[in-house]
Amino acid sequence: MSSHHTVLHHEHSLPHKEAGTPAPLWVKVVSAGAGACIAEVFTFPLDTTKVRLQVQNNEGGRPKYRGVIRTLGIMFQEEGMRGLYTGLTPAIHRQLGFATVKIGCYDNTKHLYTKLRYRGEEEPSYCPVCIRVFAGVTTGALSVSLAQPTDVVKVRMQAQFGANKGRYSGTMDAYRKVYTTEGMKGLWRGCIPNMARNGIVNVSEVVTYDVIKEMIIRKQFLEDGILCHLASAIAAGFCGTVVSSPVDVVKTRYMNSSSSQYKNILQCTISLWQKHGFVGFYKGFFPSLMRLGSWNILTFLSYEQIKLLIHPDAPKYHLRQREQY
């Protein structure tokens, strides 16, 4: 009875894998970029709401923006639809250089690290979580190194209210003014905290999505399809928001500050703690949750469907009928 019976039982419990060829890297990169841009268009007003709530100061009375719906209403009333989408162009630029690496290169990076780890040995059927985390941190940090200037301009344009209203006439004007007044350093302002943030976010989003999706398939809760992708994306969005919010608040405030306001990221963090305490690091949490949750759902669903559309021959898993013993 033995181990042979155990192996047979284990094989019966695994989902059936439909034959096919894995999608090449370029398909994943294109699908990730396209999926992220689709998600960006639909969720951008929530991102602008999050930025406004994070960067506003409460000195001198009650804050102007309070809550997601109220903030959206005030922005629409004062600035119209254009105000809700201020900064969309650099946001699209950002996703084209960001999601393509963060999501599109994740699988290949994971496989590369697996081969390096098990060089000369038989690779396990289930990739260890530590390798996934390492791959997630790598692609998350690398994506920021490529897309940081677009993120700086996006945040600056979204934060145009109050004393900052009208400081940029458009996307190219923002790039030009940041460069002429602050130099290359200004375009890469906040790069280190942003790399930290996106290393963390990529683990809590992409790695969470990867692990939960594989667990759902292996446990045969759902087939490898839209419902499975939806459940995995919801979990990824929630984990990403909880883990990344403190870093995100500090990053946003630092990137939107003038060059003389904070000496470094540590001073920005201490200042935020002194003025607002622990709660300050979770300013804009609910719009962040709405934004990241919906962004993850739209991104991963679009990514999986576009990838399947471009490369329909990819292998898929199906639930196997359980045999009665």
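Procedures and definitions
- Residues numbered from 1 in each chain as written.
- Predicted model: local features only at pLDDT ≥ 70, side-chain atom pairs only at ≥ 80, totals over all residues.
- Heavy atoms only, no water.
- Helix = DSSP H or I, 4+ residues; strand = E, 2+ residues; numbered from the N terminus.
- Buried < 20%, exposed > 50% of the residue type's maximum accessible area, 1.4 Å probe, protein only.
- Contact = heavy atoms within 4.5 Å.
- Areas by Shrake-Rupley, 256 points an atom, 1.4 Å probe, with all protein chains shown as cover.
- Expected span 1.5 Å × (residues − 1).
- Bend = angle between axes of the 7 residues up to and from the residue.
- Core = buried A, V, L, I, M, F, W, Y, C linked by side-chain atoms within 4.5 Å.
- Phe/Tyr/Trp six-rings, centres within 6.5 Å; stacked < 30°, edge-to-face > 60°.
- Salt bridge = Lys/Arg side-chain N within 4 Å of Asp/Glu carboxyl O.
- Patch = residues over 30% accessible without salt bridge, like charges linked within 9 Å, V, L, I, M, F, W, Y side chains within 5 Å.
- pLDDT = per-residue confidence, 0-100.

A.B. asks: Hey, could you run me through the overall build of the protein chain in this one?
C.D. replies: Along its length, the protein chain carries 11 helices and two strands. Tracing the protein chain from N to C terminus, the helices and strands come up as α-β-α-α-α-α-α-α-α-α-α-α-β. Looking at the protein chain residue by residue over its 325 residues, the buried ones come to 49%. For the protein chain, the proportion of contacts with a sequence separation of at least 24, taken over those separated by at least 6, is 79%. Summed over all atoms, the accessible surface of the protein chain reaches about 16,100 Å², with 65% contributed by carbon and sulfur.

A.B. asks: Can you walk me through helix 4 (residues 88-102) in this structure?
C.D. replies: What sets the pattern is the α-helix's 3.6 residues per turn: residues three or four places apart point alike. In a regular helix each residue adds 1.5 Å, so 15 residues correspond to 21 Å; helix 4 covers 19 Å between its end C-alpha atoms and thus fits that length. The largest bend along helix 4 measures about 30° and falls at Gln-95. Regarding helix 4, the residues found buried are Pro-90, Ala-91, Arg-94, Gln-95, Phe-98, Ala-99, Thr-100, Val-101 and Lys-102. Where the residues of helix 4 are buried, they touch helix 2 (25-55), helix 5 (106-117), helix 6 (129-158), helix 7 (171-187), helix 8 (191-218) and helix 11 (285-310).

A.B. asks: Explanation requested: the nonpolar core in the structure shown.
C.D. replies: For soluble globular proteins, the rule of thumb is that nonpolar side chains tend to be buried together. Ile-103, Tyr-106, Ile-131, Val-206, Tyr-209, Trp-295 and Phe-300 are the most contacted members of the largest nonpolar core, which totals 19 residues. Looking at this core, the elements that each hand over two or more residues are helix 2, helix 5, helix 6, helix 8, helix 9 (226-256) and helix 11. Apart from residues lying up to four places away in sequence, Ile-131 is in contact with Lys-110, Tyr-113, Thr-114, Arg-117 and Tyr-118.

A.B. asks: Quick question: what am I supposed to make of the packing of aromatic side chains here?
C.D. replies: For any pair of aromatic rings, geometry is given as the distance between the ring centres together with the angle between the planes. All told, the structure shown has seven aromatic pairs when counted by the stated rule. Arranged with centres 4.6 Å apart and planes meeting at 15°, the rings of Tyr-113 and Phe-134 form a pair that is stacked. Taken together, the positions of Tyr-113 in helix 5 and Phe-134 in helix 6 put the pair 21 residues apart, joining distant regions of the chain. A relative accessible area of 17% means that Tyr-113 is categorised as buried. Here Trp-273 and Phe-281 contribute two aromatic rings whose centre-to-centre distance is 6.2 Å and whose plane-to-plane angle is 40°, an arrangement assigned as tilted.

A.B. asks: Looking at this model, I keep getting lost on the pattern of salt bridges. Mind explaining?
C.D. replies: Two side chains that carry opposite charge are able to pair once their charged atoms sit near each other. Throughout the structure, instances matching the rule amount to 16 salt bridges. Asp-47 is the salt-bridge partner of Arg-291, the closest N and O atoms lying 3.5 Å from each other. Remark: Asp-47 occurs in helix 2 and Arg-291 occurs in helix 11; sequence separation between them is 244 residues. Here Arg-291 and Asp-47 have matching classes, each one buried. Two residues, Lys-115 and Glu-123, come together in a salt bridge whose shortest N-O distance is 3.8 Å. The exposure class assigned to Glu-123 is partly exposed, which follows from its relative accessible area of 36%.

A.B. asks: Help me out: how do you make sense of the side chain of Lys-154 in this one?
C.D. replies: When you line up the elements, Lys-154 lands in helix 6. Judged by its relative accessible area of 4%, Lys-154 falls in the buried class. Leaving out residues up to four positions away in the same chain, Lys-154 has contacts with Phe-44, Asp-47, Gly-87, Pro-90, Ala-91 and Arg-94.

A.B. asks: So what exactly am I meant to see when it comes to a nonpolar patch on the surface here?
C.D. replies: Together, Trp-26, Val-30, Leu-309 and Ile-310 give the surface a local cluster of nonpolar side chains, amounting to about 430 Å² of exposed area. Elements that contribute at least two residues to the nonpolar patch include exactly helix 2 and helix 11. By the secondary structure assignment, Trp-26 is in helix 2. For Trp-26, a relative accessible area of 53% puts it in the exposed group.

A.B. asks: What am I meant to see in the confidence of the model for the protein chain here?
C.D. replies: One rule of thumb: low pLDDT means the predicted coordinates there are not for detailed reading. Per-chain confidence: the protein chain averages 82 in pLDDT, with 87% of residues scoring 70 or above. Averaged pLDDT values over the elements of the protein chain bottom out at 42 in helix 1 (residues 2-13) and peak at 94 in helix 5. Contacts for the low-pLDDT stretch residues 1-13, under 50 throughout, to residues beyond four places or in other chains number eight contacts. Confidence drops under a pLDDT of 50 for residues 321-325, and excluding neighbours within four residues, the segment shows five contacts in the predicted structure.

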